[in-house]
Amino acid sequence: MSASLDRNTQDTAPGTQDTAPGTQAPPRRTKRYTEDKVPLGTVIGRMIVGLVVLAVFILPYLIMVFGSVKTKSQIRSVDPTYFPQEWHWENFASMWSTPETPLAQNMISTVIISVCATLLVLVVALPAAYYTARFRFPGRMVFMFLVIVTQMLQPAVLTSGLFRQFSILGLGDTWAAMILVNAAFNLSFATWIMHSFFAGIPKEIDEAARLDGASQLAVLFRINLPLVWPGIVTAIVFTFVACWNEFAASLVILSTAGNQPISVALTKFVGQYETSWQYVFGVSIVGILPVVLLFMLIEKRLVGGLTTGSVK
Amino acid sequence: MSLSSKPSSSGSAPKSPGSKQRSSGSGRRTTWRDTLKALPWLAPALVLIVGVVFFPAGLMLFNSTRDLAISGLDKGSVGFDNYATVFGFSQFWPIIGRTVIWVVAVVGLTVVISLGLAQVLNKAFPGRQLVRLAVIIPWAASVVMTTMVFYYGLEPYFGVVNKFFVDLGLIDNPAGYGWTKNPTTAFLWSIVIAIFVSLPFTTYTLLAGLATIPRETIEAARMDAAGPVRTYFAVILPQLRGALSVAVLINIINVFNSLPILKVMTGSIPGYGADTIMTMIFKYIELQRKVDVASALSVIAFAIVIIIVIVYVRVVKPLKEV
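This write-up is about the structure you can find in this document. For clarity, every value in this text was computed on a predicted model and none was experimentally measured.

Secondary structure assignment for chain B yields 15 helices and 2 strands. Looking at chain B residue by residue over its 322 residues, the buried ones come to 44%. Residue pairs at least 24 apart in sequence account for 70% of intrachain contacts in chain B once pairs closer than 6 positions are excluded.

Rendered as structure tokens:
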């Protein structure tokens, strides 16, 4: 889902320059209160609606938290309680060994695949984004078009082809295969977002540096990279979260239980006669917390239009 | 491969974002030598795109005409037999129909709800930031994990959502309705979950759209004594067209390709009463071990996605006004 975001930002980028950078938003918001003279009743009404929205969006995850600290007999009780009577935090230690799947190994798989795929995306997308934003050459539009076509595709619809390809290559059921798949399908978003950030830096800065005798690589690393840093962070977060949650291709390509990421492993609990739901939820919380925090880190950018350049 | 030529008819779309950034034109004419110089910078990306996206797409097209043994051995060409198997399956048309319902219901309701949510989150009130952060959670969280909570909650006897319905008096038997045991109710709940996880992206896209609307236009409408409803439909909504059309397109692609929700909610129900094209592809691969037939259905799914994108880009022109 997240990987496709850049299209929206193409749309919204031009007008949002004034709201995107973090430092400006807060004063603007407080100014609004005083300027608009919103009646107190309206503000309270909005807060109530906001509270309802808040409740709806965190409720499933509250159920997760409450469930994760119940005992097995409590969570499978025929007269369930909404809140846990006792909080069994020790579940978070014991949950890693279950008969259904080796959850600790699944967690390691998830981390290795996501980290490696994100690094690969960065190494591959950064030069492409930089060069296409800075230089014109015949075939540039063809390349950008290829990138956008990739954006329209997802691993799910190509899974049977990917499965065959990696089997033939002898990479079936390997982390390497999933690192490649995740990198390839997240490449386009990362390229687009960093491209737009590079394009936002005035070319004159580069030219001045070159006149001072800096090499092309020095211009990229010393001058451009610090300026496009927010774009790189956004690309990293989106790629990492998408890899972390990938499901369809991993389901088919990774057949050994120990190789599978946590998203695939958890589905093995469904339909079991004696599901240890408290463990499913404990592992889910560990699986959800880091990516939610990463996403919250870039919340400003989500509202302001993702590709708004860093340089004014 | 098959796809590199087809979408080119939608060439008008990607042009606009690229052509906007004329940062690189240095006045002189570019030549193929410039392309050669660009190659080292682009080659890794090209290798990855061609090797892991276009090549498997071509391989899939090829496999859809082959007879593949369970062992993976290629036993030669069978022409269009795999397609005949796909179309000849008695549940094929119900599955197509369900796929249409799935996409239309999820995308339609997601957009309507998101329009409201975006309005709420765009208004100033104390605690807004907290609400906005909460809305992000289902976006970042694994769809599998979010769906698991619903699945558990709907379980007979011990599910808390089921218990909630019992406590409300909506159902009187604590065994519940067997929400996840019955294909129809499991499918309907899947739609609810799919909407829930699609809301954050859609709402944030619309919020970004709202941020681009000049306040003067809204104030002008207020001066003209337009009520809030009139202002919304006559002034705000038309200016959201760009954000809205992009959000709809991306949602259509995502929802069509969505596997985990239906896999978790309906995967353990026997038969094909809750399947969409996407879950059927995975049933061919996982249960029947027929990668060749799965490839044929994948090619059909692939073609549907591309046709939808082309028609949508042509008709709605989501990137026109960039």
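After that view, the rundown keeps rolling.
This part is about the overall build of chain A. A tally of regular secondary structure across chain A gives 15 helices and 0 strands. Relative to its 312 residues, chain A shows a buried fraction of 51%.

On to helix α7 (residues 140-152) of chain A, then. With 13 residues, α7(A) should cover 18 Å at 1.5 Å per step; its first-to-last C-alpha distance of 19 Å lies within 8% of that length. When we look at burial in α7(A), the residues that qualify are A:F143, A:M144, A:L146, A:V147, A:I148, A:V149, A:T150, A:Q151 and A:M152.

Here we come to helix α6 (residues 103-134) of chain A. The periodicity of an α-helix, 3.6 residues per turn, causes residues three or four places apart in sequence to face the same way. The end-to-end C-alpha separation of α6(A) is 46 Å, in line with the 46 Å expected for 32 residues at 1.5 Å each. A bend of about 30° at A:A125 is the largest found in α6(A), and the proline A:P127 appears one to four places after it.

So, on to the interface of chain B and chain A. Interface size, as often reported, equals the accessible area lost upon joining of the parts. Taken together, the 101 residues of chain B in the interface contact 100 residues of chain A. With 18 residues, helix α3 (residues 32-63) of chain B is the largest single contributor of residues to the side of chain B that touches chain A. Considering only residue class, the side of chain B that touches chain A consists of 71 nonpolar, 23 polar and 7 charged.

On to the packing of helix α4 (residues 81-88) of chain B against helix α15 (residues 291-316) of chain B, then. Residue and element names in this part refer to chain B. Relative orientation of the contacting elements α4 and α15 amounts to 75°, with a least axis distance of 8 Å. Of the possible angle classes, the one that applies to α4 and α15 is roughly perpendicular. Across the interface between the two elements, N82, Y83, T85 and V86 of α4 pack against D292, V293, S295, A296, L297 and I300 of α15. By residue class, the composition of the contact of α4 with α15 is 6 nonpolar, 3 polar and 1 charged.

Backbone phi values are negative for most residues with the exception of glycine, while trans is the configuration of most peptide bonds. A positive phi angle is found at A:D173, which is not glycine, with a value near 60°. Following the sequence through the fold, A:D173 ends up in the loop between α8 (155-168) and α9 (175-199). We note that B:R289 has phi near 55°; this positive angle belongs to a residue other than glycine. Examined against the element boundaries, B:R289 turns out to sit in the loop between α14 (277-286) and α15. Looking at B:R289, the number of C-beta atoms within 10 Å reads 14, which means it is partly exposed.

This part takes up the environment of B:S298. Take B:S298: it is sitting in helix α15. In the structure, B:S298 is positioned 16 residues away from B:R314 in sequence and 24 Å away in space, judged by C-alpha atoms. Filtering out sequence-adjacent residues up to four positions away, B:S298 remains in contact with A:V157, A:S160, B:M60 and B:I281.

The next point concerns the environment of A:F185. For A:F185, the location among the structural elements is in helix α9. Counting along the chain gives 54 residues from A:F185 to A:T239, while the straight-line C-alpha distance between them is 9.2 Å.

Okay, the nonpolar core next. Residues A:A125, A:A183, A:A184, A:L187, A:M194, B:I281 and B:L297 are the most contacted members of the largest nonpolar core, which totals 175 residues. In terms of residues, this core owes the most to one element, α9(A), which gives 17 residues. For B:L297, the contacting residues outside a window of four places in its chain are B:V86, B:I277, B:M280, B:I281 and B:Y284.

Definitions and limits used
Numbering of residues starts from 1 in each chain and follows the order in which that chain's sequence is written. Here chains are named by letter from A upward and ligands by number from 1 upward, in the order in which they appear as written. Predicted model: local features are reported for residues with pLDDT of at least 70 only, side-chain atom pairs are reported and counted for 80 or more only, and whole-chain, interface and lining totals are derived from all residues. Secondary structure elements are taken from DSSP: a helix is a run of H or I of four residues or more, a strand is a run of E of two residues or more, and numbering for both begins at the N terminus. Burial is judged by counting other C-beta atoms within 10 Å of a residue's own C-beta: 20 or more means buried, 12 or fewer means exposed, and anything between counts as partly exposed, with every C-beta placed from the backbone. Any pair of residues counts as being in contact when their C-beta atoms, constructed from backbone geometry, are within 7 Å of one another. To estimate how far a helix should extend, the number of its residues minus one is multiplied by 1.5 Å. One axis is fitted to the seven residues ending at the residue and one to the seven starting there. The bend at that residue is the angle between these axes. The nonpolar class holds Ala, Val, Leu, Ile, Met, Phe, Trp, Tyr, Cys and Pro. Asp, Glu, Lys and Arg form the charged class, and all remaining residues, Gly among them, are polar. Angles run from 0 to 180 degrees between N-to-C directions of axes, and those axes are lines fitted to C-alpha atoms, restricted for helices to the stretch in contact. Reported orientations rely on four angle classes, namely roughly parallel under 35 degrees, roughly antiparallel over 145, roughly perpendicular from 65 to 115, and oblique for the rest. Joined through C-beta atoms within 7 Å, a set of buried Ala, Val, Leu, Ile, Met, Phe, Trp, Tyr and Cys residues constitutes a nonpolar core.

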